[in-house]
Amino acid sequence: MLIKSYPVYVIRMGSGYVTMATPDSPEEKPEFAVLVFTMEKLAEDFIAAVNLEDAEVRFLRNERELGRVLAAQPEGVTHIAIDTVFSDGHLETNCLTLYDMIKNHMKLARSPWDYPVFCLRQSDGNYAAIVTDKSVALALFTSNQKAKDYRARLDRPSQYELSRIETPTQLLDFLRGLPEEMQVVAFNPIVDEDESHKAVQCMEVAKIIEKFLV
């Protein structure tokens with residue numbers, strides 16, 4: 001069973017999260033799984049069943065928050081255990097490797113930004129971009145407000161329509177469909193007091209696709 005909606009819940013103890021040995025953990029090199037629950041009551045029931053003292057339930061609002069928790073696990077924690085139930089000495093759980101969970105089932109967690117993301121489409125069908133001697137960089141924004149702030153500093157801002165890209169799949173299709181000369185993305189560019197267009201972070205389209213979208 002995989003996670004289909006958020007929030008989800010973890011059990012916090014001290015500076016870490018509660019884990020358990022996986023059902024098939026090898027004796028020579030034990031493997032552990034961080035516990036994640038799709039309902040708060042399941043987490044509370046587990047705490048009561050195994051008598052965990054000083055444990056508290058924490059909720060994770062979205063896939064990216066869960067991804068950060070999974071990525072921060074120590075070396076011996078190799079799995080995620082979803083909706084573990086311990087009753088009358090019997091354990092039921094759904095285990096998946098962290099790699100498989102993040103790679104195949106948590107596409108949103110792989111991106112360093114939340115969705116939707118935004119771009120500015122001109123009335124002629126082109127997109128707002130930063131043009132230099134070396135490249136044409138698409139202006140891509142991680143929030144609605146950042147896109148609007150940038151648009152307000154452009155010449156004839158009314159010619160630009162705010163476009164939303166809702167999911168990693170949509171972003172992948174969008175980037176693959178960009179004109180051939182547009183091979184770079186400028187994240188959250190600004191127009192400074194000298195009317196110069198600047199972006200702290202730029203990345204090649206091919207690297208974005210390889211690292212975060214496929």
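That block above? That's the structure.
Small disclaimer: the values here were computed from a predicted structure and weren't measured.

*Asks:* Please provide a residue-by-residue account of the pattern of salt bridges, values included.
*Replies:* Throughout the structure, instances matching the rule amount to seven salt bridges. Across the salt bridge formed by R61 and E65, the nearest N and O atoms sit 2.5 Å from each other. Its salt-bridge partner being K198, residue D192 comes within 3.1 Å of it at the nearest N-O pair.

*Asks:* I'd love a proper account of the layout of surface pockets, names of residues and values included.
*Replies:* Roughly 160 Å³ of internal volume is contained in the largest pocket. Classifying every residue of the lining of the largest pocket gives six nonpolar, three polar and one charged.

*Asks:* Please provide a residue-by-residue account of the side chain of T84, values included.
*Replies:* Within the secondary structure, T84 sits in strand β6 (residues 77-87). Within the structure, the side chain of T84 is placed 2.7 Å from the side chain of T93, a separation counted as a polar contact. If near-sequence neighbours (up to four positions away) are discounted, T84 is found in contact with M20, L35, F37, F46, L91, E92 and T93.

*Asks:* For the packing of helix α6 (residues 168-176) against helix α7 (residues 205-213), give the residues involved together with the corresponding values.
*Replies:* Pairs of packed helices are described in terms of their axes, by the angle between the two and the distance that separates them. At their nearest, the axes of α6 and α7 sit 10 Å apart, and the two run at 160 degrees to each other. On the basis of the axis angle, α6 is roughly antiparallel to α7. Considering only the axes of α6 and α7, their crossing is left-handed. Each of P168, L171, L172, L175 and R176 in α6 lies in contact with α7, whose residues at this interface are V205, I208, I209 and L213. Partitioning the contact of α6 with α7 into residue classes produces eight nonpolar, no polar and one charged.

*Asks:* Explain the state of the cysteines to me, and be specific about the residues and the numbers.
*Replies:* Using the criterion set out here, one finds zero disulfides in the structure. The structure places no disulfide on C119, whose sulfur is separated from the nearest cysteine sulfur, that of C202, by 16 Å.

*Asks:* So what's going on with α7? Residues and values would help.
*Replies:* Three- or four-residue spacings in an α-helix give side chains the same orientation, since the helix completes a turn every 3.6 residues. When we look at burial in α7, the residues that qualify are V205, I208, I209, F212 and L213. For α7, the arc enclosing every buried residue in end-on projection is 110 degrees, short of the 170-degree limit, so these residues lie on one face. Among the exposed residues of α7, those pointing more than 90 degrees away from its buried face are A206, E210 and K211. Packed against the buried residues of α7 are α4 (107-110), α6, β12 (184-187) and β15 (201-204).

*Asks:* Please set out the nonpolar core residue by residue, giving values where relevant.
*Replies:* Residues L171, F174, L175, I208 and L213 are the most contacted members of the largest nonpolar core, which totals 23 residues. Of all the secondary-structure elements, those providing two or more residues to this core are β8 (117-122), β10 (136-141), α6, β12 and α7. The element best represented in this core is α7, accounting for five residues. Ignoring sequence-local partners within four residues, the contact set of L171 consists of W113, Y115, V117, L140, I165 and L213.

Conventions used here
- Residues numbered from 1 in each chain as written.
- Predicted model: local features only at pLDDT ≥ 70, side-chain atom pairs only at ≥ 80, totals over all residues.
- Heavy atoms only, no water.
- Salt bridge = Lys/Arg side-chain N within 4 Å of Asp/Glu carboxyl O.
- 1 Å grid on protein atoms, 1.4 Å probe; cavity = no way out; pocket = protein on both sides within 12 Å on 5 of 7 lines; lining within 4 Å.
- Points joined across faces, edges and corners; volume = space filled by probe spheres on them.
- Nonpolar A, V, L, I, M, F, W, Y, C, P; charged D, E, K, R; others polar.
- Helix = DSSP H or I, 4+ residues; strand = E, 2+ residues; numbered from the N terminus.
- Polar contact = N/O pair within 3.5 Å; in protein donor to acceptor, adjacent residues only side chain to side chain.
- Contact = heavy atoms within 4.5 Å.
- Axes fitted to C-alpha atoms, helices over the stretch in contact; angles between N-to-C directions.
- Parallel < 35°, antiparallel > 145°, perpendicular 65-115°, else oblique.
- Left-handed = near helix turned anticlockwise from the far one by under 90°.
- Disulfide = S-S within 2.5 Å.
- Buried < 20%, exposed > 50% of the residue type's maximum accessible area, 1.4 Å probe, protein only.
- Arc of directions from axis to C-beta.
- Core = buried A, V, L, I, M, F, W, Y, C linked by side-chain atoms within 4.5 Å.

Shape descriptors only; they carry no functional weight alone.
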